Amino acid sequence: MAASLDLKEEILALKKERNAVILAHNYQTGDIQDVADHVGDSLGLAYQAKATHAAVIAFCGVHFMAETAKIVNPGKIVVLPDKDAGCSLEQACPAAELAAFLTANADRNHYVIAYINCSAAVKALSDVICTSGNAVKIVNQAPADRPILFVPDENLGAWVIEQTGRKMDLWQGNCYVHVEFTRASIQRIKAEYPDALVVAHPECTRAVRLLADEVCSTEKMVAFCKNSAVGNIIVVTESGMLHRLRKECPDKNLIAGPTDLCACADCRYMKMNTLQKLRDCLATLQPRVEIEESIRRRAEIPLLRMLEQSK
Ligand code: 13P
Ligand code: SF4
């Protein structure tokens, strides 16, 4: 306990010395969330990154999130505690494969909507970016006279089709964490808490989404749980979310959605970041996120379009 207190003090001192801001995603461990300046979902953190006046951004999340912060802040230093913190969705859509698909289907003139969980190079090939928090809004603003290609999450994409009625071609990628929840695993926990509400992330499969009372981004889960009149709420997303929710909704009994194998689901990439690695990256200003300038400039266009369209 004393060691982690010292570490926290060291981080706060380094943050001041470096003129840094610490941004943390809702899936980070509780100790990291507690030391951060802002905790939120991909959309909220993208806005925070755009607005900050700090010289250094320490991004406690996964690589595509830190890269997003760098896209809108080319002049700032952006560090990520663990450079290997990736994402299965990002891996599912290599830029070369997307470029080849677009070339092979050039006659269709796709309007490409990329979920923010992708590389800067994929963003650079896209017309607009979206997050789980604004995907419906962004798809509703897509030009009516062009077919939409939605990359890289087939589950989020299918949910958006249900919400908007808009036809879209879906890239076949998924989040390896959210597809671990099954209809059977959620039915089992519902049987244990028959009066509980279920809130699920749209990266879950349709079979799981159908069991949910609400499907939304991690940030919207906070409002849903706060405003719920029911005390028991089953939260079907990555386990880090429970720390944020328990802090914000102390009057609620928040129950982690289980998978068939575990009582909750952890994202191994999100959990690569630790308090020690956060201290080290503020001390050394490494590892840094760098993006080739021509890619960054092209990726910034659809990202700024998203921020504009999602206001
Ligand atoms: P949110 O934008 O809803 O926080 O989702 C990010 C993510 O990686 C979900 O797995
Ligand atoms: Fe990617 Fe899934 Fe981890 Fe989110 S939870 S960062 S989508 S692998």
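Description of the structure in this document. (Residues numbered from 1 in each chain as written. Chains lettered and ligands numbered in written order. Predicted model: local features only at pLDDT ≥ 70, side-chain atom pairs only at ≥ 80, totals over all residues. Heavy atoms only, no water.)

1. Section: the site of ligand 1
Then comes step 1: The full set of residues close to ligand 1 is His25, Tyr27, Asp41, Ser42, Tyr115, Asn117, Ser132, His178, His201, Glu203, Ser217 and Thr218.
Then comes step 2: Contact distances for ligand 1 include 2.8 Å between an oxygen atom and a side-chain N or O atom of Ser42.
Then comes step 3: With the chains in place, 96% of the 300 Å² that ligand 1 exposes on its own is no longer accessible.
Then comes step 4: The cavity that encloses ligand 1 is the largest cavity. (Near = heavy atom within 4 Å. Polar contact = N/O pair within 3.5 Å; in protein donor to acceptor, adjacent residues only side chain to side chain. Areas by Shrake-Rupley, 256 points an atom, 1.4 Å probe, with all protein chains shown as cover. 1 Å grid on protein atoms, 1.4 Å probe; cavity = no way out; pocket = protein on both sides within 12 Å on 5 of 7 lines; lining within 4 Å. Sits in = over half its atoms within 2 Å of the grid points.)

2. Some thoughts on empty space enclosed by the protein
Then comes step 1: The final tally for this structure, using the stated rule, is 2 cavities of 30 Å³ or more.
Then comes step 2: Where the lining of the largest cavity is concerned, the elements lending two or more residues are helix H4 (63–71) and helix H5 (88–92).
Then comes step 3: Considered as a void within the structure, the second largest cavity measures approximately 40 Å³ in volume.
Then comes step 4: In terms of residue class, the lining of the second largest cavity is built from 6 nonpolar, 2 polar and no charged. (Points joined across faces, edges and corners; volume = space filled by probe spheres on them. Helix = DSSP H or I, 4+ residues; strand = E, 2+ residues; numbered from the N terminus. Nonpolar A, V, L, I, M, F, W, Y, C, P; charged D, E, K, R; others polar.)

3. Quick notes on the site of ligand 2
Then comes step 1: Near ligand 2 you find Tyr27, Val62, Cys87, Ser88, Leu89, Asn117, Cys175, Tyr176, Val177, Glu203, Cys267 and Met270, and these make up its full shell.
Then comes step 2: Given that more than half its atoms are within 2 Å of the pocket grid, ligand 2 belongs to the largest cavity.

4. Describing the sheet that holds strand S10 (residues 214–215)
Then comes step 1: Pairing within the open sheet is parallel, and its 4 strands lie in the order S10-S9-S11-S12. For this open sheet the edge positions go to S10 and strand S12 (253–256), each flanked by a neighbour on one side alone.
Then comes step 2: In this sheet, strand S11 (residues 232–236) lies alongside strand S9 (residues 197–200) in parallel orientation, the contact comprising 4 bridges. The residue of S11 that forms the bridge with Val199 is Val235. (Pairing = 2+ DSSP bridges.)

5. Some details on the packing of aromatic side chains
The relation between two aromatic rings is expressed through the spacing of the ring centres and the mutual angle of the planes.
Then comes step 1: If you walk through the whole model with that rule in mind, you get 2 aromatic pairs.
Then comes step 2: An angle of 80° between the planes, with centres 6.0 Å apart, marks the rings of Phe101 and Trp171 as edge-to-face. In this pair, Phe101 sits in helix H6 (residues 95–104) while Trp171 sits in the loop between strand S8 (168–170) and helix H10 (183–192), placing the two residues 70 residues apart along the sequence.
Then comes step 3: Its relative accessible area of 28% is what places Phe101 among the partly exposed residues.
Then comes step 4: By relative accessible area, which is 12% here, Trp171 ends up buried.
Then comes step 5: Measuring from ring centre to ring centre gives 6.0 Å for Tyr176 and Tyr269, while their planes differ by 85°; the resulting arrangement is edge-to-face. In this pair, Tyr176 sits in the loop between S8 and H10 while Tyr269 sits in the loop between S12 and helix H14 (275–284), placing the two residues 93 residues apart along the sequence. Taken individually, Tyr176 and Tyr269 each receive the classification buried, so the pair is uniform in this respect.
Then comes step 6: Positioned above the aromatic ring of Tyr176 is the side chain of Arg268, whose terminal nitrogen or guanidinium carbon lies 4.3 Å from the ring centre. (Phe/Tyr/Trp six-rings, centres within 6.5 Å; stacked < 30°, edge-to-face > 60°. Buried < 20%, exposed > 50% of the residue type's maximum accessible area, 1.4 Å probe, protein only. Lys NZ or Arg CZ within 6 Å of the ring centre and 35° of its normal.)

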